[in-house]
Amino acid sequence: MNLTYTPEEDEFRARLREWLGKVLPTLPPKPSPDDWPARRAYDLGWQRMLYDAGYAHVHWDASPTVRLIFLEETEKEGAPYVGAGFVGLLHAGPTIAAEGSEEQRARWLPPILGGEEVWCQGFSEPDAGSDLAALRTRARRDGDDYVVSGSKIWTSHAEVADWCELLVRTNPAAPKHRGITWLAMPMDAPGITVRPLRTLAGSAEFAEVFLDEVRIPVANRVGDEDDGWRVTMVTLSFERGTAFVGEVVACRRVLRELAGEARKNGRWDDPVLRRRLGRLNAQFRALWRLTQWNVSEAESGVPGVGSSVFKLRYSQARQELYDTAADVLGADCLDLDRPWMLDRLSSLSYTIAAGTSQIQQNIVAERILGLPKGR
């Protein structure tokens, strides 16, 4: 494994850094966090700028290392996050690129890359908990369509999405992991009801989605019928592996800012706090190296089981980081307008989102360490 960069990769980094330096000062102000239509327009506008400049390809048509460089540099320079486009760019799009037919790639990938369409994720269900395979949303075949009924929860950006990566049960008689199918559902289809959910941090980027006899063309199925669990593992490999790359860079920046704040307000004199900051620095340096390893391993374009190791440790480190931020701020941590405090609230979800820590521990135990499955 080689963690150094080639001359071509260094040239790509320099060119991207120069371009970011020119265009970022020209961007309009970011819209209100609660105005999702405006945020959609802002996020898609940024994606279109990347597309026109020739950088949108990094998500699927570039090497894993070039993708890593892109995510690292855009975060370092404070470029807009993918925002409303994250499911399409980081989850559904890579899955379609890896598993979709030629016709499906031609239909769905260009609008995602060009900042024209937004996707949401319809995986979790109210009664399934962390057991994703326990989903109950049913799809029955009717000619050239699937007719779908059920409900989803924690559906990211459903209220502004054009498409949904949807998991449905097509064979109730099969073992629960074998009767699942991955579908692309148009969000304007009749029978779909979206109800936004407000989070602890006050945002509403999630929603409940209710499906009542929604017709989805069979042509929208990615992979074979009843083979959706395997396709889902591809999606989750991207979600747990490469989707958090930019956030690791952001956490390292926050750590430096915390150290600076501690020096200013006198908390730096506390040796216990300094040790915590030092341990966090070591953890995020190690996570960055693990990210490089995962990206280097993903030559096929799909991260391996090492993504679960990364996700498990990263979600815990992120929570520790923002708990430490509260210690640095002291009583000011009760003010949600202070830096890092809304991030502290959102960090609570990281040991649940994209597969709970318990699920990741099972994956590591069974697929990496070779331990027997639990009963």
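No experiment lies behind these values; they were computed from the predicted model shown.

Participant: Quick rundown of the overall build of the chain? Include the residues and the values.
Facilitator: For the chain, the count of helices and strands is 11 helices and eight strands. Long-range contacts, defined as pairs at least 24 residues apart, comprise 73% of the intrachain contacts of the chain with a sequence gap of at least 6. With an accessible surface of roughly 17,600 Å², the chain has 51% of that area assigned to carbon and sulfur atoms.

Participant: Hey, could you go over the pattern of salt bridges for me, with residue numbers and the actual values?
Facilitator: Within this structure, the stated rule accounts for 24 salt bridges. Measuring nitrogen to oxygen at the nearest pair gives 3.2 Å for the salt bridge that ties Arg13 to Glu72. Highlighted residues: Arg13 in helix 1 (residues 7-23) and Glu72 in helix 3 (residues 64-76), separated in sequence by 59 residues. Each member of the pair, Arg13 together with Glu72, is buried. For Arg267, the salt bridge goes to Asp270, with nearest N and O atoms at 3.5 Å. A relative accessible area of 26% means that Arg267 is categorised as partly exposed. Salt bridges sharing partners connect three or more residues here, namely Arg13, Arg17, Glu72, Glu73 and Lys76.

Participant: With reference to specific residues and values, describe empty space enclosed by the protein.
Facilitator: Take a probe with the size of a water molecule and roll it over the atoms, and the empty space left behind shows itself. All told, the structure shown has three cavities of 30 Å³ or more when counted by the stated rule. Of the volumes computed, that of the second largest cavity is approximately 80 Å³. The wall of the second largest cavity is formed by Asp43, Leu44, Trp46, Gln47, Tyr81, Val82, Gly85, Gly88, Leu89, Ile112 and Glu117. Sorting the residues of the lining of the second largest cavity by element identifies helix 2 (36-53) and helix 4 (86-99) as the ones contributing at least two each. Among the elements that take part in the lining of the second largest cavity, helix 2 stands out by supplying four residues, more than any other. Classifying every residue of the lining of the second largest cavity by side-chain character gives six nonpolar, three polar and two charged.

Participant: Could you give me a rundown of helix 4, with the residues and numbers involved?
Facilitator: Over its 14 residues, helix 4 runs 19 Å from end to end, which matches the ideal 20 Å to within 8%, given 1.5 Å per residue. In the structure, helix 4 departs most strongly from a straight axis at Ala92, where the bend amounts to approximately 40° and where the proline Pro94 lies between one and four residues downstream. Counted residue by residue, helix 4 has 11 buried out of 14 residues, so it is predominantly covered. Every buried residue of helix 4 is accounted for by Phe86, Val87, Gly88, Leu89, Leu90, His91, Ala92, Gly93, Pro94, Thr95 and Ile96.

Participant: Talk me through the side chain of Glu9; I want residue IDs and the actual numbers.
Facilitator: Within the secondary structure layout, Glu9 lies in helix 1. This buried residue, Glu9, is left without a salt bridge; Arg13 holds the nearest opposite charge, at 7.7 Å. Among residues more than four places away in sequence, those in contact with Glu9 are Thr4, Ser63, Thr65, Val66 and Ile69.

How each quantity is defined
Residues numbered from 1 in each chain as written. Predicted model: local features only at pLDDT ≥ 70, side-chain atom pairs only at ≥ 80, totals over all residues. Heavy atoms only, no water. Helix = DSSP H or I, 4+ residues; strand = E, 2+ residues; numbered from the N terminus. Contact = heavy atoms within 4.5 Å. Areas by Shrake-Rupley, 256 points an atom, 1.4 Å probe, with all protein chains shown as cover. Salt bridge = Lys/Arg side-chain N within 4 Å of Asp/Glu carboxyl O. Buried < 20%, exposed > 50% of the residue type's maximum accessible area, 1.4 Å probe, protein only. 1 Å grid on protein atoms, 1.4 Å probe; cavity = no way out; pocket = protein on both sides within 12 Å on 5 of 7 lines; lining within 4 Å. Points joined across faces, edges and corners; volume = space filled by probe spheres on them. Nonpolar A, V, L, I, M, F, W, Y, C, P; charged D, E, K, R; others polar. Expected span 1.5 Å × (residues − 1). Bend = angle between axes of the 7 residues up to and from the residue. Lys, Arg positive; Asp, Glu negative; His and termini not counted.

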